[in-house]
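Okay, here's what each chain looks like letter by letter:
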Amino acid sequence: MDFPGGHILSIDQFDRGDIDRIFTVADSMEPYAQRRKLTKVLDGAILGNMFFEPSTRTRVSFGSAFNLLGGEVRETTGVENSAIAKGESLYDTARVLSGYSDAIVMRHPQAGSVAEFATASRVPVLNGGDGDNEHPSQALLDLYTIKKELAANGRSLDNFRIALIGDLKYGRTVHSICKLLTLFKRVQVTLVSPTELKMPEQYVDQLQSAGHTVVETDQLEESIAKVDITYSTRIQEERFASRDEANLYRGRYRLNQAIYTQYCEPNTVIMHPLPRDSRAGANELDNDLNENPNLAIFRQTDNGVLVRMALFALVLDVVDQVDRSAREVAWYTGGRLTQ
Amino acid sequence: MDFPGGHILSIDQFDRGDIDRIFTVADSMEPYAQRRKLTKVLDGAILGNMFFEPSTRTRVSFGSAFNLLGGEVRETTGVENSAIAKGESLYDTARVLSGYSDAIVMRHPQAGSVAEFATASRVPVLNGGDGDNEHPSQALLDLYTIKKELAANGRSLDNFRIALIGDLKYGRTVHSICKLLTLFKRVQVTLVSPTELKMPEQYVDQLQSAGHTVVETDQLEESIAKVDITYSTRIQEERFASRDEANLYRGRYRLNQAIYTQYCEPNTVIMHPLPRDSRAGANELDNDLNENPNLAIFRQTDNGVLVRMALFALVLDVVDQVDRSAREVAWYTGGRLTQ
Amino acid sequence: MDFPGGHILSIDQFDRGDIDRIFTVADSMEPYAQRRKLTKVLDGAILGNMFFEPSTRTRVSFGSAFNLLGGEVRETTGVENSAIAKGESLYDTARVLSGYSDAIVMRHPQAGSVAEFATASRVPVLNGGDGDNEHPSQALLDLYTIKKELAANGRSLDNFRIALIGDLKYGRTVHSICKLLTLFKRVQVTLVSPTELKMPEQYVDQLQSAGHTVVETDQLEESIAKVDITYSTRIQEERFASRDEANLYRGRYRLNQAIYTQYCEPNTVIMHPLPRDSRAGANELDNDLNENPNLAIFRQTDNGVLVRMALFALVLDVVDQVDRSAREVAWYTGGRLTQ
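All residue numbers refer to position in the chain's written sequence, counted from 1. By the order in which they are written, chains take letters starting at A while ligands take numbers starting at 1. Side-chain atom pairs in this predicted model are given and counted only at pLDDT of 80 or more, local residue features only at pLDDT of at least 70, and totals for whole chains, interfaces and linings cover all residues.

## Comments concerning the overall build of chain A
Short version of the rule: Labels follow the DSSP assignment, with helices taken as runs of H or I lasting at least four residues and strands as runs of E lasting at least two, numbered in each case from the N terminus. Radius of gyration here uses only the C-alpha atoms, and the compact-globule reference equals 2.2 Å multiplied by the residue count raised to the power 0.38. Residue burial is a threshold on neighbouring C-beta atoms within 10 Å of the residue's own C-beta, all placed from the backbone, with 20 or more meaning buried, 12 or fewer meaning exposed, and counts in between meaning partly exposed. For the purpose of contact definition, each residue receives a C-beta atom placed from its backbone, and two residues are in contact when these atoms lie within 7 Å.
A count of helical and extended segments in chain A gives 11 helices and 9 strands. By the compact-globule yardstick of 20 Å for 339 residues, chain A fits well, its C-alpha radius of gyration being 20 Å. The principal-axis extent of the C-alpha atoms belonging to chain A is close to 55 × 50 × 40 Å. Counting the 339 residues in chain A, one finds 56% classified as buried. Restricting to contacts in chain A with at least 6 residues of sequence separation, those with at least 24 account for 77%.

Printed below as a string of structure tokens:
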């Protein structure tokens, strides 16, 4: 895609070169996100962080990413009566709001809404999640994390092994990972779920058409024995008819340090899109994994800031100017740098 | 009025010289709002954007205007339990909040509340709408838009023709326009409404006392045949006893491209305070007008940013310093500049 | 305590030297809070202002304090569905959110939650109030105000007289004041409350162990006759079984100008943690005191900004750099400076 001025609506718009470009720019953002340097390259720019549905961490992550580039953030947090309730079209909303900012992140409960909004926007629009449709920055941060974790173990996105675990039927993140994996080569994918929550056939087909090996199973232990990455998900409770039905599956696949030690190869990376359900009955990833250095779940959310900074820098066309405006950080950063 | 340190509470406080001053400053803000230049004249200043009633676009417009001058924004979005619920007076709230910022925008559901608040504030207060009483920045952006649209057709605020259409009884914006028009000369005003929703007599009297021509009618087509501006409004549903009663009038005056072509003079400007109701039963302004270059509704909201920047610059007394601190914009602005 | 990189969780963590240090730094913030100078010492830093329970003034005060040091603020206002509702632990929330900012202020309805959160945070955490447990910045601003008001009358935190008035059983602020007073010497404390709402014994014991004189009474007038400071509180209605029960005590101790003139020594300082209940039935401090120069309640909230600026400057270790980056303020500040 042509990044400057473009919209980020779906992972389908990226080819492998685009992914490489985003990840290279994300790498270059690390000194700023870690506060080893600071940049004001977007000083004077305004982000419209428009969340028509609440999502604290995605909203704050996008906002902080924009701040880290030097820009300002105006936002809505999803609980206000909006003009939409008075019968305003997304076209009108987009025309109006795009007059207030230099880029817009939009989250909205309705699938397809962000793309419709983008057609009328005068500034780049980034999809912050539109219902069960797309959440491209989450998909990118997952893939970016996989890439970095593999690299730390001397491997790459071509030719590696991953287990996707849990609610594969409703989990948007695992669907997106499958789609993105088709851009790479020779991946062994193990799909671990209850039979009733299997990965939809279309994604299995796409993986196989891309030449990947796919194994489907409902057994956890054997599946995580020979993989580079485990990616666990929570039950998407809101998608089930009742809490009771969701409870049938909750806690079915629990990974803890004992199981990890018994079954996994050393350095098997543990991922999860978060939030993980830490209540006794769920516990997809036990808290006793918190000291395991292969637990990558907080590196995932940290990487989210890098990926979002990269997307802003690309669509606002300032990638080449970031380092030129770099300055020293003047305040205490000890806690962050020792991580 | 004396702008530096003053409050902006009501359009009644402006004489013609004040209006001219605000509009001249608004004109000078255009390069900044269009991102052809950037200024940091309010770098270090804080706006308290205090919305005790939700209004996404007004809130974001004020906030962005302050950001465009280089300032920071702290805000409340109207959904929190406030100290007011614990019996705090507006006097106390104002004394406290004015210690946190350099200027305050306040929206509040209760008529007169913002003026009461202002008496105790130590910093300039701008009324962002107090119930059905006043919303002066909306009135100013409407008049500013009328001025600019007329100027583009070689006319001025003295000696022009306007049709105000729809719910003239409850529409706060059309009342404000009538009041502001009394500052100018020789305006022909056509008031188009159902008999039950006629313009209150006091506003008609004011227009006539100012020497303007006023025609009242319930017919749309003939009324828009010989005017420079049409200004449509939605039914103020929240002011009716029931949704059913509001529905009696909803959709009574619909303007679309076919009607426009058949009845209007070329270059007749189409305005609306937004949001327009785009549902099938309402549709005051049809979507097929979106490509009509005389549709000025999004220029109105864009002008709102200019007017609000002007008000901030005036009450904080930085008008003369804006251009001195001007800098280049470093990021992609293509989508905006080609509008 | 060792401030750089530290958490501010409880007043119990401070010794007298810490208090002195905080207040000295707070003093040095006054030119910035009063807009006589501006600083950008935290330019590029991000505050995560995480309010999981609404509190407009505390939230805005912290946010403005961070802005006044030049930093940016990302925030949540307490009305969103958070990941916590999906079963996320405070540990996870802290690990994630601390990746987005350089410091975090957290308010949460559950006692102890902020301290638990801090154990997992990678950046300094400031307690913005955790249920009925602690609200250390409020306690510090009260004590800082007492110190400044005493100093204006030639006295100090050693050897002065204070009356604490109202709901002493449930009022968190008066408990904190008692704890802080144990760091000083020879204070005469008069505790004025209905018998049913007496100060809990543990606080009385602490005061006496510190060598202070304590008198308990249910009579207002005689108690305020010979003190340097009166500190009134509202009934903590939310802590009573019913509104009716709270009403038994509401309005029991009303201070107004007539009572003040009749009973108090000249220059007796009037304090209140705010909001004061200005409804007719309550009225702990009558509005006719508003012109009394000894009414310090708005100086309290102004001092809150100074104290919060000081805490940020200390934990982020920029105290010595603030003045070095000082600049002139360019905008209108007349209303503020004439206070």
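## Section: the sheet that holds strand 5 (residues 160-165) of chain A
Sheet strands pair by backbone hydrogen bonding; their relative direction is either parallel or antiparallel. Residues and elements named next belong to chain A. Just so we agree on the cut-off: When DSSP locates at least two bridges between a pair of strands, those strands are taken to pair. A fitted line through C-alpha atoms represents every axis, and for helices the fit uses only the stretch in contact; the resulting angles, taken between N-to-C directions, go from 0 to 180 degrees.
Read from one edge of the open sheet, 5 strands run 7-6-5-8-9, paired in parallel fashion. Looking at the sheet topology across the chains shown, the edges are occupied by strand 7 (213-217) and strand 9 (269-271). Along the sheet, successive strands turn relative to each other by an average axial angle of 15 degrees, direction set aside.

## Comments concerning the interface of chain B and chain A
The following threshold applies: Ten residues, namely Ala, Val, Leu, Ile, Met, Phe, Trp, Tyr, Cys and Pro, are considered nonpolar, four, namely Asp, Glu, Lys and Arg, are considered charged, and the remaining ones, Gly among them, are considered polar.
Contacts between the two partners involve 32 residues from chain B and, on the opposite side, 36 residues from chain A. Elements represented by at least two residues in the side of chain B that touches chain A include exactly helix 2 (56-68), helix 10 (297-315) and helix 11 (334-337) of chain B. It is helix 2 of chain B that contributes the most residues to the side of chain B that touches chain A, 7 residues altogether. Of the residues contributing to the side of chain B that touches chain A, the split by class is 13 nonpolar, 12 polar and 7 charged.

## As for the interface of chain C and chain A
Across the boundary between the two partners, chain C contributes 36 residues, which contact 32 residues of chain A. Those elements that provide at least two residues to the side of chain C that touches chain A are strand 1 (46-51), strand 2 (72-76) and helix 4 (90-97) of chain C. With 4 residues, helix 4 of chain C is the largest single contributor of residues to the side of chain C that touches chain A. When the residues that make up the side of chain C that touches chain A are grouped by side-chain class, the tally is 14 nonpolar, 12 polar and 10 charged.

## Examining the pairing of strand 7 (residues 213-217) of chain C
Note that strand 6 (residues 188-192) of chain C and strand 7 of chain C share 5 bridges and pair parallel. Bridge pairing links Val-192 of chain C to Thr-217 of chain C in strand 7 of chain C.

## Overview of the packing of helix 6 (residues 172-181) of chain A against helix 7 (residues 201-209) of chain A
Residues and elements named next belong to chain A. So the rule is basically this: Here the word oblique covers every angle except those under 35 degrees (roughly parallel), over 145 (roughly antiparallel) and from 65 to 115 (roughly perpendicular). Note on convention: near helix rotated counterclockwise from far helix by under a right angle means a left-handed crossing. Clockwise means right-handed.
Axis separation between helix 6 and helix 7 bottoms out at 9 Å; the angle between their running directions is 25 degrees. When the axis of helix 6 is compared with that of helix 7, the two are roughly parallel. Here helix 6 runs over helix 7; the crossing is left-handed. In this structure, helix 6 contributes His-175, Cys-178, Lys-179 and Leu-181 to the contact, and helix 7 contributes Tyr-203, Gln-206 and Leu-207. Here the contact of helix 6 with helix 7 is composed, by residue class, of 4 nonpolar, 2 polar and 1 charged.

## Focus on the relation of the copies chain B and chain A
Heads up, the rule is: For the least-squares superposition of copies, only C-alpha atoms count, and only for residues with pLDDT at least 70 in both.
When chain B is fitted to chain A, the best match, at an RMSD of 0.0 Å, comes from turning it 120 degrees and sliding it 0.0 Å along the axis. This pairing of chains is accounted for by a three-fold axis.

## Describing the relation of the copies chain C and chain A
Take chain C, turn it by 120 degrees, move it 0.1 Å along the axis, and it overlays chain A with an RMSD of 0.1 Å. Of the residues that chain C buries at the interface, just 6% are likewise interface residues in chain A, meaning the two copies contact each other through different surfaces.

## What about the packing of helix 2 of chain B against helix 10 of chain B?
Between two packed helices, both the angle of their axes relative to each other and the distance between the axes serve to describe the pair. All names here are of chain B. It is the contact of helix 2 with helix 10, at a shortest axis distance of 8 Å, that shows an interaxial angle of 60 degrees. Classified by the angle their axes make, helix 2 and helix 10 are oblique. For the crossing formed where helix 2 meets helix 10, the hand is right-handed. Two secondary-structure elements touch here, helix 2 through Ser-61, Phe-62, Ser-64, Ala-65, Phe-66 and Leu-68 and helix 10 through Gly-304, Val-305, Arg-308, Met-309 and Phe-312. Here the residues of the contact of helix 2 with helix 10 sort into 7 nonpolar, 3 polar and 1 charged.

## Structural notes on the sheet that holds strand 4 (residues 125-130) of chain B
Residues and elements named next belong to chain B. Ordered in space as 2-1-3-4, the 4 strands form an open sheet in which the pairing is parallel. With partners counted over all chains shown, the strands left at the sheet margins are strand 2 (72-76) and strand 4, one partner each. Here the average twist between neighbouring strands, direction ignored, is 15 degrees. Relative to strand 4, strand 3 (residues 103-108) runs parallel, the two being bridged by 4 bridges. Opposite Val-105, over in strand 4, you have Leu-126 as the bridge partner. Strands strand 1 (46-51), strand 2, strand 3 and strand 4 of the sheet are contacted by helix 2, whose axis makes an angle of about 175 degrees with strand 1.

## Comments concerning unusual backbone geometry
Residues and elements named next belong to chain B. Residues Leu-274 and Pro-275 are joined by a peptide bond in cis, for which omega reads -5 degrees. Among the structural elements, Pro-275 can be located in the loop between strand 9 (269-271) and helix 10. Phi angles above zero are rare outside glycine, and Asn-267 is one such case at about 70 degrees. Relative to the elements of secondary structure, Asn-267 occurs in the loop between helix 9 (257-263) and strand 9.

## Observations regarding the domain arrangement of chain A
Residues and elements named next belong to chain A. To keep things clear, this is the line we draw: Domains are outlined according to an automatic or database domain assignment.
Split into domains, chain A comes out as domain 1 (11-135 + 303-329) and domain 2 (137-298). Inter-centroid distance (C-alpha atoms) of domain 1 to domain 2 is 27 Å. If you look at the interface, domain 1 gives 14 residues, while domain 2 gives 14 residues. Residue assignment for the side of domain 1 that touches domain 2 shows that the elements contributing at least two residues are helix 1 (16-33) and helix 10 (297-315). Of the residues assigned to the side of domain 1 that touches domain 2, the class counts are 8 nonpolar, 3 polar and 3 charged.

## Looking at the pairing of strand 3 (residues 103-108) of chain A
Residue and element names in this part refer to chain A. Operational definition: A crossover counts as right-handed when, viewed with the strands pointing away from the observer, the path leading from the first strand over the helix to the second turns clockwise.
With 6 of 6 residues buried, strand 3 lies mostly within the body of the structure. One ladder, built from 5 bridges, connects strand 1 (residues 46-51) with strand 3; its direction is parallel. When the sheet's bridge partners are listed, Gly-48 is paired in strand 3 with Ile-104. Once the chain exits strand 3 it traverses helix 4 (residues 113-120) before rejoining the sheet at strand 4 (residues 125-130), and the crossover so formed is right-handed.

## Thoughts on helix 6 (residues 172-181) of chain B
Most of helix 6 of chain B is tucked away, with 9 of its 10 residues classed as buried. Residues Thr-173, Val-174, His-175, Ser-176, Ile-177, Cys-178, Lys-179, Leu-180 and Leu-181 of chain B constitute the buried set of helix 6 of chain B.

## What about the environment of Val-318 of chain C?
Structurally, the position occupied by Val-318 of chain C is in the loop between helix 11 (297-315) and helix 12 (334-337). Judged by the 23 C-beta atoms lying within 10 Å of it, Val-318 of chain C falls in the buried class. Spatially, the C-alpha atoms of Val-318 of chain C and Ala-282 of chain C are 44 Å apart, while their sequence positions differ by 36 residues. Setting aside its immediate chain neighbours within four residues, Val-318 of chain C contacts Ala-330 and Trp-331 of chain A together with Val-41, Leu-42 and Ala-313 of chain C.

## Section: the environment of Val-227 of chain B
Residue and element names in this part refer to chain B. Among the structural elements, Val-227 can be located in the loop between strand 7 (213-217) and strand 8 (229-232). Sequence separation of Val-227 and Asn-267 is 40 residues, and the distance between their C-alpha atoms is 9.8 Å. In this view, Val-227 contacts Arg-161, Ile-162, Ala-163, Thr-190 and Thr-268; residues no more than four positions away in its chain are not counted.

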